[in-house]
Amino acid sequence: MDTSITLTVDGRRHDVVVDTRTTLLDALRERLAVTSAKKGCDHGQCGSCTVLLEGRRHLTCLTLAVAHDGDEIVTAAGVSALEGGAGDDAPTSLHPLQEAFLAHDGLQCGYCTPGQVCSAIGMLDEAKQGHPSHVTDDLEESVDPADLDDDEVRERMSGNLCRCGAYGGIVDAIREVAGGAPREGQPDRPAQPEREAAR
Amino acid sequence: MTTRLVGQKVPRVEDQRFLRGGGKYVDDVLVGATTLHAAVLRSPHAHARVVEIDVEDVLDVEGVHLVWTYEDLADAAVMPATMAEPLPLLIPHPALTHGRTQYALAKDEVNYVGEAVAFVVASDRYVAEDALARIRVTYDFLPPVVGVDAARAATNLVHDDVPGNVGARLEQTVGDAPAAIAAAPHRLALDLTVERSACMPLEGRGTVARWDPDSGRLTMWTSTQTASGVRAAVAVKLGLDLGQVDVLTPDTGGGFGVKINHPWPEELLVPMAAKVLGRPVKFTEDRREHFISSAHERGQVQHVEVGFDDDGRLLGLDVEFWHDHGAYTPYGLIVPIITSTQLLGPYKPGAYRVVFESLYTNTVMVTPYRGAGRPQGVYAMERTMDAIAAYLGKDRTEVRAVNFIQPDEFPYDHQMVFQDGRPLVYDSGDYPQSLEKIKALVGWDEFTAVRDAARAEGRTVGIGLACYVEGTGVGPYEGAHVHVETSGKVKVATGLTTQGQGHATVFAQLVADELGCRFEDVEVVTGDTRRMPYSVGTFASRAAVMSGSAIHLAAKRAKEKALRIAADALEADEGDLEIVDGIVSVRGAPGSSISLGTVAVLSNPLRYAFDEASKAATQFTVGDPGRPPVAEDDEPGLEGKDFYSPERSTFASGMHAVIVETDPETCEIRILKYAVVHDCGHLLNPMIVEGQVHGGVAQGIGGALYERMEYDESGQLLNASFMDFLMPYVTEVPDGIDIDHLETPSPLNPLGIKGAGEAGVIPSAAVFASAIEDAEGFPITAMPISPSDLFALRQQHAAGASGAPDPSRPSDPSDQEDR
């Protein structure tokens, strides 16, 4: 069964007719030729297809396109136009988070990278809004992105696989943009002893 | 002079594109309604005869364009006869007496869950999958053979005509190992196992093909580690001339070995369908297909016997192992040959005998995964070193040190044949210095204090060490073409493909340094047979060594030509010229200069001017009327082309050490420190090398602690998803990996380099086994090791302490015989 929907992707509005069983990822890639979201598993297990959907990070392989009629989607190709980005979507301009990935060598083959970028931007925004994570010690205390330690960053990015194993650079890049102290200057895993004791 | 770029941490030029999602992977090519989509019906059974395939119900599904079974491949009216033959056995070896390969679509029999049975092309993948569900296949079940033990027992056979399920048996000997062991003061025997894992690139396999009937040419994009290999195979199988086939591999979303296999069934079916239908056809596998129908690696059972003196010096080493190669052997014996040779690591084994059997099972085939047999070999040798140290009560580093090949013993000839058919001769290395470095880096000598302090807190920690030597830069050759355009831009092509190694950056560094052009002006193309048809592929940590050397040589040729033309133009002596930032000038006379772009104009005598610059090369402007415009021994154009073909491989080396903590209750294994000393000769781009090491270590952690292929007894892969096959996320990789480099140059290539791509993963199973054994106090003989495995071992050894026999403890083989 076909139905007509409207999606705004990286600032461009698209009216498209899709089979109702089409996933949002397939609608983007196959129907709109937006290939900046990648398909790694199609089962919500690798994070490569992550985009910002209505401002929140979201897997596009596990949701149907028809459920997002009228929604606004930003992919890695469009994040530089976001607040905090360079403000435009020229093919050469990068969001500060993307710049940091480049500086810290947070990628190799680049396949998971668009998902990592969107996930990291979404994650920092969640932290800014005070969302705790599974490893947040004090749920009452407000969260500040700058205070996210390695464990927090890792936990919050634990939905994105990178088989090339560029994780060290990814964590460094995110911490730099979050505004916290860089990893190098820190004692080994500062948050761990407390949690060990708590267990 | 500008700074040399080689050796610098130059940021990667490909990253901007990748960061914006602009990577062009195969599924990103030819997107649109004109492209048709393929899907493959795969065997749900591990072993069965195909009695009948009924496709009747598919033919009238709206949107279905084509359905093929083996019968169609054998139809001479549609197909070249070659399509009905088995897929190529890519690497024949005299010992592979019973090599078998599958058909593009199963003929009569299926031998693993996932084997291709039927092929459908439809308007989109959804329709294609709907169509698959309507195909009815009648199977006659046969008993499946799963695992090394079942293969060895040979109660059932995978292939009727392969007795004992033995595809190959290969023995290599140096001296008389059994006699040396019998005569040795001390002897030990170990039984070891390593489970299956797999490469699991995040981009699976994919192929798109377009046939142009007007020019009679096939263009194919495929996610491969060898574009030239696919091209040759497709041409032969489709009955086309090589010149009719172009294969392009744009960006690849990881390979790690699996994509060196070619042609996959789909790499023949897709272009054939595109030719028949006259429409572009695309196949992109899903994740489950990648799990069950691409390839795995690692699974081996090993038996080691060793004789040694009071210092732990090896006198004789006798290794027997059984290698599970799955249902077919397209990649020959490469993996077990590498295990059997690279097992030797940095050591002199005394007398050595190694024999392996490569066995058929009803599981997906086994072909190289990053490390390619080395992780298993290193595991066998390093477990043996640890066992000797434990037996003699010596420090594990001392036992290793007495066995090292010394720096003044290179080139060191092991008197064996390596995977490339060439002598196993190490070119260079400095193992004693590596050992000193790794001990310092991990804090080996201070660890007793760390252990005591941990114990006092009720914590259990252990330290492990593993050493390896890796043959890299395997032949036969790679080539490169460097072309300076009249704009001054430099176009570089090499044939092998790129899966994230930053080739566009490193190769541009080499060209900028050698030619003297600006780094920004260099553009590198890999994996495009139109640009460089002669190539081998990306595997065995060979890209930097092989293509890097070829590019260096090609750039040198381009530079020689540029200097010759510029010397004429500037009326100067070649020896007085230098090229900096793309400008050729007379040293000390900066006013007298000419750009590389202008040199390129002059290199190509013209009749027709096409712009202002080209006027300088037209017939009334340049040239000596008394000589031909292009000299007899010259060619037009400012280009350099060269090939690099070394006599043999170059051997990189390294050592890893890890400190782990094992949880007393949950048996969780936590990494407290991971240290790497790595020697790949001169570093071209340390940032990229470190990235490769980090990535390898991450995969190694997965392979040692989490990843295994869980086949049940009927040959079903139970964990064919990322939820169940546990690859490391960011949460499983340690905070920091301490890396120290040693740069022992290779004498075999002009850059003094060795490969670096696989190193990080090679010693993982060995180093974790060593550390966990150290923490727990009982032998670790099976990897990977999960918390559940460790829990079972603890229980077993607690029982063993109260008198039960301990099957996993290394034993004196003569004792064993007495029992």
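This is a predicted model, so every value here is computed, not measured.

Asker: Any chance you could explain the packing of helix α14 (residues 503-515) of chain B against helix α15 (residues 543-570) of chain B here in plain terms?
Answerer: The angle between the axes and the distance between the axes are what describe a pair of packed helices. Residues and elements named next belong to chain B. In contact at an axis separation of 9 Å, α14 and α15 are set at 30° when each is read in the N-to-C sense. For the pair α14 and α15, the crossing hand works out as right-handed. Counted together, His503, Phe507, Leu510, Val511, Glu514 and Leu515 of α14 and Ala543, Ala544, Ser547, Gly548, Ile551, His552, Ala555, Lys556, Ala558 and Lys559 of α15 form the full contact between these two elements. Looking at side-chain class alone, the contact of α14 with α15 contains 9 nonpolar, 4 polar and 3 charged residues.

Asker: What is the right way to look at the domain arrangement of chain A in this model?
Answerer: How big an interface is tends to be expressed through the accessible area that disappears when the partners come together. All names here are of chain A. For chain A, the assigned domains are domain 1 (1-82) and domain 2 (94-188). A C-alpha centroid distance of 23 Å is found between domain 1 and domain 2. On the domain 2 side, the residues contacting the 20 residues of domain 1 number 21 residues. When domain 1 packs against domain 2, close to 1500 Å² is buried across both sides, 56% of that on carbon and sulfur atoms. If you sort the residues of domain 1 by the area they bury against domain 2, Arg57, Ala76 and Val79 come out on top, with a joint share of 35%. Across the domain 1-domain 2 interface, the total number found is 1 salt bridge. One salt bridge connects glutamate 126 with arginine 57, and the closest N-O pair in it is separated by 2.9 Å.

Asker: Got a minute to help me understand helix α1 (residues 24-31) of chain A in this structure?
Answerer: An α-helical turn contains 3.6 residues, so any two residues separated by three or four positions project in the same direction. Residue and element names in this part refer to chain A. Burial analysis of α1 places 6 of its 8 residues in the buried class, the great majority of the element. Restricting attention to buried positions, one finds in α1 the residues Leu24, Leu25, Asp26, Ala27, Leu28 and Arg29. Looking one or two residues beyond α1, the residue adopting positive phi is alanine 33, at roughly 55°.

Asker: I'm lost on a negative patch on the surface in this one. Help?
Answerer: Residue and element names in this part refer to chain A. On the surface, Asp137, Asp138, Glu140, Glu141, Asp144 and Asp147 cluster together to form a negatively charged patch. For aspartate 138, the location among the structural elements is in the loop between α3 (113-128) and α4 (150-156). Since its relative accessible area comes to 36%, aspartate 138 is described here as partly exposed.

Asker: What's the story with the domain arrangement of chain B in this structure? I'm lost.
Answerer: All names here are of chain B. What the domain assignment reports for chain B is domain 1 (300-474 + 647-813) and domain 2 (478-644). Between domain 1 and domain 2, the C-alpha centre-to-centre distance is 44 Å. Approximately 1400 Å² of surface area, both sides summed, lies buried where domain 1 meets domain 2, with 63% of it carried by carbon and sulfur atoms. Taken together, the links from domain 1 to domain 2 amount to 0 salt bridges. Inspection of the domain 1/domain 2 interface yields 9 residue pairs in polar contact (both at pLDDT 80 or more). Broken down by secondary-structure element, the contributors of at least two residues to the side of domain 1 that touches domain 2 are β18 (460-472) and α17 (686-706). Tallying contributions element by element places β18 first for the side of domain 1 that touches domain 2, with 3 residues.

Asker: Would you mind going over the packing of aromatic side chains with me for this structure?
Answerer: Given two aromatic rings, their pairing is described by the distance between the two centres and the angle made by the two planes. All names here are of chain B. Counted according to the given criterion, the structure contains 17 aromatic pairs over all chains. Relative to tyrosine 25, the ring of phenylalanine 18 has its centre 6.3 Å away and its plane inclined at 25°; by these criteria the two rings are stacked. In this structure, phenylalanine 18 and tyrosine 25 share a single accessibility class: buried. Between tyrosine 477 and phenylalanine 643 the ring centres are 5.9 Å apart and the planes differ by 65°, which places this aromatic pair in the edge-to-face class. Pair noted here: tyrosine 477 is in the loop between β18 and β19 (478-484) and phenylalanine 643 is in strand β25 (residues 639-644), with a separation of 166 residues, a long-range link. One cation-aromatic arrangement involves arginine 152 over tryptophan 322; the distance from NZ or CZ to the ring centre is 3.7 Å.

Asker: Got a minute to help me understand the side chain of Thr69(B) in this structure?
Answerer: Residues and elements named next belong to chain B. On the secondary structure map, threonine 69 appears in the loop between β3 (64-68) and α2 (70-73). Threonine 69 sits in the buried class, given a relative accessible area of 9%. Setting aside residues up to four positions removed in sequence, threonine 69 forms contacts with Ile53, Val55, Leu105, Val117 and Ala118.

Asker: Explanation requested: the sheet that holds β18(B) in the structure shown.
Answerer: Backbone-to-backbone hydrogen bonds pair the strands of a sheet. The strands run either parallel or antiparallel. Residue and element names in this part refer to chain B. Here we have 4 strands laid out as an open sheet, ordered β18-β26-β27-β28, and mixed in their pairing. Both edges of this open sheet fall to β18 and β28 (737-742), since each of them pairs with a single strand only. Strand-to-strand, the axes of this sheet are offset by a mean angle of 15°, without reference to chain direction. Two elements, strand β27 (residues 669-679) and β28, share 6 bridges in a ladder whose sense is parallel. Counterpart to aspartate 679 in the pairing with β28 is leucine 742.

About the thresholds
- Residues numbered from 1 in each chain as written.
- Chains lettered and ligands numbered in written order.
- Predicted model: local features only at pLDDT ≥ 70, side-chain atom pairs only at ≥ 80, totals over all residues.
- Heavy atoms only, no water.
- Axes fitted to C-alpha atoms, helices over the stretch in contact; angles between N-to-C directions.
- Helix = DSSP H or I, 4+ residues; strand = E, 2+ residues; numbered from the N terminus.
- Left-handed = near helix turned anticlockwise from the far one by under 90°.
- Contact = heavy atoms within 4.5 Å.
- Nonpolar A, V, L, I, M, F, W, Y, C, P; charged D, E, K, R; others polar.
- Domains from an automatic or database assignment.
- Buried area = accessible area lost by both parts, 1.4 Å probe.
- Salt bridge = Lys/Arg side-chain N within 4 Å of Asp/Glu carboxyl O.
- Buried < 20%, exposed > 50% of the residue type's maximum accessible area, 1.4 Å probe, protein only.
- Patch = residues over 30% accessible without salt bridge, like charges linked within 9 Å, V, L, I, M, F, W, Y side chains within 5 Å.
- Areas by Shrake-Rupley, 256 points an atom, 1.4 Å probe, with all protein chains shown as cover.
- Lys, Arg positive; Asp, Glu negative; His and termini not counted.
- Charge placed at Lys NZ, Arg CZ, Asp CG, Glu CD.
- Polar contact = N/O pair within 3.5 Å; in protein donor to acceptor, adjacent residues only side chain to side chain.
- Phe/Tyr/Trp six-rings, centres within 6.5 Å; stacked < 30°, edge-to-face > 60°.
- Lys NZ or Arg CZ within 6 Å of the ring centre and 35° of its normal.
- Pairing = 2+ DSSP bridges.

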